[in-house]
Every structure is written in C-alpha cells, then in structure tokens.
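# A structural walkthrough
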Amino acid sequence: MSRVWIIKRKHVIQLAAALLILLIGWLYVNRDTILPTLAEPTAERTIHMVVGEFKSTTADGKTIEAYRWDPGSVDVRKGERIKLSILGVNGESHPFLIEGLNISGEIKKGKETIVHFTANQAGTYRLICMTHTDMAHSGPMIGYIEVH
C-alpha cells in the first residue's frame, strides 16, 4: 500500500519563508567572519597619518614640545591589506618601527613614507619613533595599530 502526500502551495511558501529567515539570521550572526571573505582579496586600504608637534612656552620662558602620530590609533581587520601613508610635517627625521610586524623605516620632513602590511594576528601593535622615545626626547611618540 503506497501513501500519497499532498503538499499545499501555502505550506511550500511557509517552509521557504522559514528557511529564508533562518539563513538571514545565520548570516547576521556570522557577518564578521563571512563579510571579509567576500571582499576582493587584492583590495588594499590606505590609512593616512602625519607626524605632528605640539609646542608651547612655560610661564618661566622654557620651550616644551611633544611629537605624536596623528591619528594616534588606527583600527584594522585581521587579514586586511594595509597601505600606511605617513607624511612628515614636523621634525627633520623620525626613524620608526612597528613592533610585532617586523617593519621599520624613516619619516622625513616634507616627505611621504609608504608602508605595506597585512596583520594576520589580532592584537595591538605599537608604532614607535626611535628619536622621541621618552619625555627627555619630546616623547614618547607612540601610535597604536589595533587589529580585530
């Protein structure tokens, strides 16, 4: 004896709608892992920075100054290809290193320095100027690359 199943059109539509809702929910929950993989793999994002200086005179006539990266912190997605463009505005020379990425270079006044990297590990990477390492040398001049 064989059975015959009769499926009404409205049940098929309801099932399709339920599956669509489940798919949308799953995509929403997993958006942080799915969306980066859908991006063009060769795309490179450019981040612009400058070397800036704060300068002032104290009440007793002493000149004080401090150097900084601007912006002081940038956010990057894990695995994202980055082109870091740094313009030297103040100070003649700023030799630097980016801890954990094995990147070093030098920023010169009036010049643009370009650094390419892909951060494959989540974490905080310090961008350190080797000229301005502490308060005695108008620092510390440290920027942060936050990889999420």
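Residues numbered from 1 in each chain as written. Predicted model: local features only at pLDDT ≥ 70, side-chain atom pairs only at ≥ 80, totals over all residues. Heavy atoms only, no water.

## Digging into the overall build of the chain
Regarding its fold elements, the chain presents 2 helices and 9 strands. In the chain, the succession of α and β elements from N to C terminus is α-α-β-β-β-β-β-β-β-β-β. On C-alpha atoms alone, the chain measures out to a radius of gyration of 26 Å, which is more than a quarter above the 15 Å that the 2.2 N^0.38 rule sets for 148 residues. Based on the C-alpha atoms only, the size of the chain along its principal axes is roughly 105 × 35 × 25 Å. (Helix = DSSP H or I, 4+ residues; strand = E, 2+ residues; numbered from the N terminus. Rg over C-alpha atoms; globule rule 2.2 N^0.38 Å.)

## Some points on a nonpolar patch on the surface
A cluster of nonpolar side chains, contributed by Leu20, Leu23, Ile24, Trp26 and Leu27, occupies part of the molecular surface with about 500 Å² of accessible area. Topologically, isoleucine 24 is positioned in helix α1 (residues 9–29). (Patch = residues over 30% accessible without salt bridge, like charges linked within 9 Å, V, L, I, M, F, W, Y side chains within 5 Å. Areas by Shrake-Rupley, 256 points an atom, 1.4 Å probe, with all protein chains shown as cover. Salt bridge = Lys/Arg side-chain N within 4 Å of Asp/Glu carboxyl O.)

## Concerning the confidence of the model for the chain
For the chain, the mean per-residue pLDDT works out to 89, and 93% of the residues sit at or above 70. The element-level mean pLDDT for the chain is lowest in helix α2 (residues 31–38), coming to 66, with strand β4 (residues 81–88) highest at 96. (pLDDT = per-residue confidence, 0-100.)

## So, the side chain of histidine 94
If you trace the backbone, histidine 94 turns up in strand β5 (residues 93–98). Under the relative-accessibility criterion, histidine 94 is labelled buried at 0%. A polar atom in the side chain of histidine 94 sits 2.9 Å from the backbone oxygen of asparagine 90. Those residues within four positions of histidine 94 in sequence are excluded, and the remaining contacts are Val51, Tyr67, Gly105, Glu106, Ile107, Cys129, Thr131, His132 and Met141. (Buried < 20%, exposed > 50% of the residue type's maximum accessible area, 1.4 Å probe, protein only. Polar contact = N/O pair within 3.5 Å; in protein donor to acceptor, adjacent residues only side chain to side chain. Contact = heavy atoms within 4.5 Å.)

## Focus: α1
The terminal C-alpha atoms of α1, which comprises 21 residues, lie 31 Å apart, in line with the 30 Å expected from a rise of 1.5 Å per residue. Across the 21 residues that make up α1, only a small minority, 0, are buried. (Expected span 1.5 Å × (residues − 1).)

## Overview of the sheet that holds strand β9 (residues 142–147)
Pairing in this open sheet of 5 strands is mixed, and the strands run β3-β9-β8-β5-β6 from one edge to the other. Each edge of the open sheet carries a strand with a single partner, namely β3 (73–76) and β6 (103–108). Across the sheet, the mean angle from the axis of one strand to that of its neighbour is 20 degrees, orientation sign disregarded. (Pairing = 2+ DSSP bridges. Axes fitted to C-alpha atoms, helices over the stretch in contact; angles between N-to-C directions.)

## As for the nonpolar core
Within soluble globular proteins, side chains that are nonpolar generally end up buried alongside one another. Ranked by internal contacts, the top residues of the largest apolar core, which has 24 residues, are Trp69, Leu84, Phe96, Ile98, Phe117 and Ile145. Ignoring sequence-local partners within four residues, the contact set of leucine 84 consists of Ile47, Met49, Ile98, Thr113, Ile114, Val115 and Phe117. (Core = buried A, V, L, I, M, F, W, Y, C linked by side-chain atoms within 4.5 Å.)

## Structural notes on the pairing of β9
Burial along β9 is one-sided: the residues Gly143, Ile145 and Val147 are buried and none of Ile142, Tyr144 and Glu146 is. Both β3 and β9 contribute to a ladder of 4 bridges, which runs parallel. Bridging across to β9, valine 76 finds its partner in valine 147. Here strand β8 (residues 123–129) pairs with β9 via 6 bridges, running antiparallel. Of the residues in β9, the one forming a bridge with glycine 123 is valine 147.

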